[in-house]
Amino acid sequence: MRAHEAGALHGDIGSRGPAWLRTPEDVNALLPGLWPRSVARGADGAVAVAGLSVRDIAAEFGTPVYVLDEADLRSRCRDFRAAFPTEDVFYAGKAFLCRAVVRMIAEEGLHLDVCTGGELATALSAGMPPERIGFHGNNKSVAELGRALDAGVGRIIVDSFTEIDRLTALALERGVRPRVLVRVTVGVEAHTHEFIATAHEDQKFGFSLAGGAAANAAFKILDEGVLELRGLHSHIGSQIFDASGFEVSARRVLALQAQIRDARGVELPELDLGGGFGIAYTTQDDPATPQDLAKRLRKIVDSECAAENLAVPHLSIEPGRAIVGPAVFTLYEVGTVKDLEGIRTYVSVDGGMSDNIRTALYDASYSATLASRASTAQPMLARVVGKHCESGDIVVKDEFLPADVQPGDLVAVPGTGAYCRSMASNYNHVPRPPVVAVRDGQARLIVRRETEEDLLALDVG
């Protein structure tokens, strides 16, 4: 279904669920590809992460709560570093950013992409080396650009002619020569695997390739000589499982590299192919490993460089979701179970669209499990919904839960590390949940729960 503006009641109705969802043989089973690597059921039937029971987490920190498996996140950083040992791996901070995560990815040798002043402030306050920070964004303010220059940010991805002029003026004032990449809109839309030259250039990001703006931006920077043009950047989408989109993108952006060389006699030394690598939210998803991604991306770049007679540039990638997404699950408490006979069963939890807007916003699919105990009841097709005043407040559209699920049970939803806490809101004046990191059986709070006092502190009326 596509989320209906008037709410879920106006969308699909029925109790069969999607075609890919199968009735489980064991409703208590945890599918390894969906959960952090240390998650398992304990002898008492409760889900545990790094040896710590979710019942203990809920008792200490309350629900809803985002639970981060620190060892899992670090291992995914290492997987990308091992797969891309000579390339730069930039963690995309927009997926989820806090000071503890900044320190983790810095300690694991990754770089960091930020796209606002707030993200930059978080990175700097956590001690991220500024030379390992990249600054994205389609509308960076003069203040944000000035702060980036003053901090010594390693690269700035320029997104408009206005930004080039702003940055040039600021660089001249400060007597610095910042490194920049030009973001190129290559006309590739990875979500639908459509590679049309112009149709997907109607967006706010980057310089148009087909219209010539990308080439003109590069020529402007080179001719003025104030900014140091290091290379080109492209980003084709999110939740990508097929490398064919990267192949088309690389071909087009490297053709522009060749055009710049032929016109100005300069071979740009860097190329950033962006991120968007997909993860498994449900059994229908089959993501590539970092090793497979590295092999395919190198083959694409080597082939296209050979075709254009270009030296192979230094490659960068920007995984965010692929690192933090699978490392986190959200833990909720069930408040109400409502059976609409012949339609579906609604399991209402104490969170919802304020802590995970992706289902309502993107029609995203998630999985769920009864986490506080094991059950011998038969599987029941259910819809996990939130507590907000919207019929479209859905967390998991369709999932098999035990038929005896009841108020007070804990339900866990995996794959919530990316774009859940970072896009969380205070809709209905609900305070945002905390983030708890677990390692070696110990939990620590890394982002505290908001309180009603926090909400009222902003209300000066």
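These remarks concern the structure in this document. (Residues numbered from 1 in each chain as written. Predicted model: local features only at pLDDT ≥ 70, side-chain atom pairs only at ≥ 80, totals over all residues. Heavy atoms only, no water.)

## Observations concerning the environment of R55
- With respect to the secondary-structure elements, R55 resides in helix 1 (residues 54–61).
- Using a relative accessible area of 38% as the deciding quantity, one classes R55 as partly exposed.
- Residues R55 and M380, spaced 325 residues apart in sequence, show a C-alpha to C-alpha distance of 23 Å.
- Setting aside anything within four residues of it in sequence, one finds R55 in contact with D44, A46, S372 and L410.
- A polar side-chain atom of R55 sits 2.5 Å from a polar atom in the side chain of D44. (Helix = DSSP H or I, 4+ residues; strand = E, 2+ residues; numbered from the N terminus. Buried < 20%, exposed > 50% of the residue type's maximum accessible area, 1.4 Å probe, protein only. Contact = heavy atoms within 4.5 Å. Polar contact = N/O pair within 3.5 Å; in protein donor to acceptor, adjacent residues only side chain to side chain.)

## Some points on the sheet that holds strand 3 (residues 52–53)
- If you trace the 3 strands from one edge of the open sheet to the other, you get 1-2-3, paired in antiparallel fashion. The sheet terminates laterally at strand 1 (39–41) and strand 3, the two strands that pair on one side only.
- For strand 2 (residues 47–49) and strand 3, the ladder comprises 2 bridges, and the chain directions are antiparallel. Each residue of the ladder has a partner; that of A48, found in strand 3, is S53. (Pairing = 2+ DSSP bridges.)

## Some details on the packing of aromatic side chains
- Scanning all chains against the criterion turns up 6 aromatic pairs.
- For the cation-ring pair, R155 lies above F90, with the distance from its terminal atom to the ring centre recorded as 3.8 Å.
- Positioned over the ring face of F219 is R264, at 4.3 Å from the centre of the ring. (Phe/Tyr/Trp six-rings, centres within 6.5 Å; stacked < 30°, edge-to-face > 60°. Lys NZ or Arg CZ within 6 Å of the ring centre and 35° of its normal.)

## Focus: the environment of I133
- Among the secondary structure elements, I133 is positioned in strand 7 (residues 133–135).
- Given the relative accessible area of 0%, I133 is considered buried.
- On a C-alpha basis, the gap between I133 and F90 in space is 8.0 Å, while along the polypeptide they are 43 residues apart.

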